[in-house]
Amino acid sequence: MTDRAETPTNFIRQIIDRDLAEGKHDGKVVTRFPPEPNGYLHIGHAKSICLNFSIAESYGGVCHLRFDDTNPETESEEYVEAIQRDVAWLGWQWHGEVRYASDYFDLLHDCAVELVRLGLAYVDTQRPEEIARQRGDFTTPGQDSPFRERPVEESLALFARMRQGEFEEGEAVLRAKIDMRSPNMNMRDPILYRIRKKTHHQTGDKWCIYPMYDFTHPISDAVEGITHSLCTLEFEAHRPLYDWTLDKLEGFLASRDSIPARPRQYEFARLNLNYTVTSKRKLKQLVDEKYVSGWNDPRMPTISGLRRRGYTPAAIRRFCDMVGVARADSVVDMGMLESAVRDDLNATAPRAMCVLKPLKLVIENWPEGHVEMLSAPLHPQNEEMGSREVPMAREVLIDQADFQEQANKKFKRLVLGDEVRLRYGYVIRATEVIRDAAGEISEVRCTYDPETLGRNPEGRKVRGVIHWVSAEHSVPCEVRMYERLFTEASPDRMEEGVLSVVNPESLQVMSECRVEPALAGASPGSRFQFEREGYFCVDEDSEPERLVFNLTVGLRESF
RNA sequence: UGGGGUAUCGCCAAGUUGGUAAGGCAACGGGUUUUGAUCCCGUCAUUCCCAGGUUCGAGUCCUGGUACCCCAUCCA
């Protein structure tokens, strides 16, 4: 990228500006990115990551990485590792060690006990169905549990037994005593702890009771000194519970630890991108049902998929700046993401020539066996990137799409009888078409003009410039061309489900490609612009003898 | 249906005490160009969900509508 655009302001930064002006939090800003390790990070998470980390960065604060690991049923160490890798790859550095909500299980437990002591929580020994029934619905107020007024000592004893494993899953829960008639469903005596006899990826078998998100999050934030707790809009209705928890526990927490700040939760709209999905559940479905090769399939909007596709951290961060942060639900055009990578790769990717569907050209007036090394810059605007040598020989390969036996003037490529320039080389003229037994064009005979290297022919204009490789010197490779994963702009809205609109042509493998010899041995991850085609990167499946490239994004086309 | 939100150009999104609509993406013209790329220049909301009202003046204030999103997991 040539110039790193200033991060635009947004309502959250304005809130922070105001807080700072009022002298809150001693001028400190501490944020956190709190993923649940139950899936891979996707582009939507990137927005949250960039928001949290860039705010910390620009206000001289810090940002924590904290795993919200309160549900051992769906979480795993595999995800914990992948998430750290992705955040780091995006270029952000979390403050201190990685944190886990499970680090606070002892504290959380004590907080729960305290709430019981304060008469603000109780153990409910009803079955889940009964609790759900009593919760009521949007129009019907809930009903108090018959155990709501259970004596404190009894709840304390019961909670201790829950912890000892004396109850089976579903036999008892700890509930907050708030208001069963609240219009906010989240306040109808929400469950604080439930029994799960599962091994936890961090705490092993130490616990068989696990705290719920709503109870865990505010306490974790407070303990870490988070000043601004940023989350997505769907948690808005949970904010009263977040505040309730901290209000009730304020004294207790202050007596145990010195709580440096009273965190506040602010919500922003999550990122939606058209022609894809950003829901861990749906992405997991694509993986599990083999619609893609894995979480890092280059078609996936996951961070790991984008990385394999050839996206750069800079491009993703740029994109996040471009979309902004607001409270209105929105769907961002995939074109904006693509624009962000093109912008970055245009400036940084060395150029190369690759022929996707080869068509042989024989230059009849080019001496047999003669090879000429042509110098070609690696970047048209940046000489500092240097240059490479491109061998020119009697037989060259061009793309089938770059030749037509006849065409109108709009066609700026090779036409029988007309001239075109071979990029970095000579002007050639197509003189004859040779066909095979099936009538298909097998080669095109040409002549070249030796006076046209580095200068234009006099008195005539060539139709255009096309890319090419030497038939003898080029190296065979595979190029994987990608299109959008879904055929509908809003796969989420499909009644038949997202799987019904997966694009059957989202992956097109071109296996007869030829790339110029300078790219032989290119290592996985390296990125190039194949001139007139697009940006490509070497896939992890690539081997020295068999290069494999992924299309990151095509060049902009206007004609 | 009760509660909580949001509505500014095709898509994002600024607009902070009311003063006469930023920017990006896309699109469309034109120029440069040995990438139909890049780059450059230009066009692109008399109008801010709708309807009233207050005001010299409203996207910004008031009233009343409409549309869409979120919440009824012992998920996060």
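As the structure is a computational prediction, the values presented were derived from the model and not from experiment.

The rules behind these values
- Residues numbered from 1 in each chain as written.
- Chains lettered and ligands numbered in written order.
- Predicted model: local features only at pLDDT ≥ 70, side-chain atom pairs only at ≥ 80, totals over all residues.
- Heavy atoms only, no water.
- Helix = DSSP H or I, 4+ residues; strand = E, 2+ residues; numbered from the N terminus.
- Contact = heavy atoms within 4.5 Å.
- Polar contact = N/O pair within 3.5 Å; in protein donor to acceptor, adjacent residues only side chain to side chain.
- Domains from an automatic or database assignment.
- Buried area = accessible area lost by both parts, 1.4 Å probe.
- UniProt positions renumbered as here; feature names shortened; annotations may be inferred.
- Salt bridge = Lys/Arg side-chain N within 4 Å of Asp/Glu carboxyl O.
- Buried < 20%, exposed > 50% of the residue type's maximum accessible area, 1.4 Å probe, protein only.
- Axes fitted to C-alpha atoms, helices over the stretch in contact; angles between N-to-C directions.
- Parallel < 35°, antiparallel > 145°, perpendicular 65-115°, else oblique.
- Left-handed = near helix turned anticlockwise from the far one by under 90°.
- Nonpolar A, V, L, I, M, F, W, Y, C, P; charged D, E, K, R; others polar.
- Pairing = 2+ DSSP bridges.
- Near = heavy atom within 4 Å.

1. Looking at unusual backbone geometry
Logical step 1: Backbone geometry places K290, a non-glycine residue, at a positive phi of 60°.
Logical step 2: Mapped onto the elements of the fold, K290 is located in the loop between helix 9 (280-288) and helix 10 (303-309).
Logical step 3: A positive phi angle is found at Y424, which is not glycine, with a value near 70°.
Logical step 4: Here Y424 shows up in the loop between strand 18 (419-422) and strand 19 (427-435).

2. Points about the environment of R342
Logical step 1: Along the polypeptide, R342 turns up in helix 12 (residues 334-348).
Logical step 2: Expressed as a C-alpha distance, the spacing of R342 and A315, which sit 27 residues apart in the sequence, is 8.2 Å.
Logical step 3: When near neighbours in sequence (up to four residues on either side) are disregarded, R342 contacts Y535, V553, G554, L555 and R556.
Logical step 4: A polar side-chain atom of R342 sits 2.7 Å from the main-chain carbonyl oxygen of G554.

3. Side note on the domain arrangement of chain A
Logical step 1: For chain A, the domain assignment lists domain 1 (4-270), domain 2 (280-350 + 477-554) and domain 3 (354-467).
Logical step 2: For domain 1 versus domain 2, the distance between C-alpha centres works out to 34 Å.
Logical step 3: Across the contact, 31 residues belong to domain 1 and 26 residues belong to domain 2.
Logical step 4: For the domain 1 and domain 2 pair, buried surface summed over both sides reaches about 2700 Å², with 62% attributable to carbon and sulfur atoms.
Logical step 5: If you sort the residues of domain 1 by the area they bury against domain 2, Y40, I43 and W89 come out on top, with a joint share of 26%.

4. Description of the UniProt feature "short sequence motif: 'HIGH' region" (unreviewed entry) in chain A
Logical step 1: UniProt feature "short sequence motif: 'HIGH' region" (unreviewed entry): in the numbering of this structure it lies at residues 35-45.
Logical step 2: Here residues 35-45 runs as 27% helix and 0% strand, with 8 Å between its end C-alpha atoms.

5. Considerations on the pattern of salt bridges
Logical step 1: Per the counting criterion, the structure on display carries 54 salt bridges.
Logical step 2: Close ionic contact of R150 with E154 constitutes a salt bridge, the shortest N to O distance being 3.3 Å.
Logical step 3: Owing to a relative accessible area of 38%, E154 belongs among the partly exposed residues under this scheme.
Logical step 4: Across the pair E166 and R161 runs a salt bridge whose closest N-O atoms are separated by 2.7 Å.

6. Notes on the packing of helix 4 (residues 105-117) against helix 6 (residues 152-164)
Logical step 1: Between helix 4 and helix 6, whose axes approach to 9 Å, the crossing angle comes to 155°. In this view, helix 4 runs roughly antiparallel relative to helix 6, as classed from their interaxial angle. For the element pair helix 4 and helix 6, the recorded crossing hand is right-handed. Contacts between helix 4 and helix 6 involve D106, H109, A112, V113, V116 and R117 from the former and V152, S155, L156, F159 and R163 from the latter.
Logical step 2: In terms of residue class, the contact of helix 4 with helix 6 is built from six nonpolar, two polar and three charged.

7. A look at the pairing of strand 20 (residues 441-449)
Sheet faces and side chains relate simply in a regular strand, where the side chains alternate between the two faces.
Logical step 1: Sheet topology places strand 12 (residues 358-363) next to strand 20; four bridges connect them, and they run parallel. Within strand 20, the residue paired with I363 across the bridge is C446.
Logical step 2: Summarising the sheet, strand 19 and strand 20 pair through eight bridges and their orientation is antiparallel. Looking at the pairing, V427 lines up with D449 of strand 20.
Logical step 3: The antiparallel pairing of strand 19 with strand 20 creates a hairpin that spans five residues between the two strands, and G439 there sits at a positive phi of about 85°.

8. Details of the protein's contact with RNA strand B
Logical step 1: What surrounds RNA strand B is a group of 61 residues, the closest being Q14, R196, R351, R423 and S558.
Logical step 2: A breakdown of the atoms of RNA strand B within 4 Å of the protein gives sugar and phosphate a share of 62%.
Logical step 3: Take Q14: an N or O atom from its side chain is 2.5 Å from a phosphate oxygen of RNA strand B.
Logical step 4: Contributions of two or more residues to the surface near RNA strand B are made by strand 6 (191-195), helix 11 (313-323) and helix 12.
Logical step 5: Broken down by element, the surface near RNA strand B gets its largest block of residues, four residues, from helix 12.
Logical step 6: Taken together, the residues that form the surface near RNA strand B break down as 23 nonpolar, 16 polar and 22 charged.

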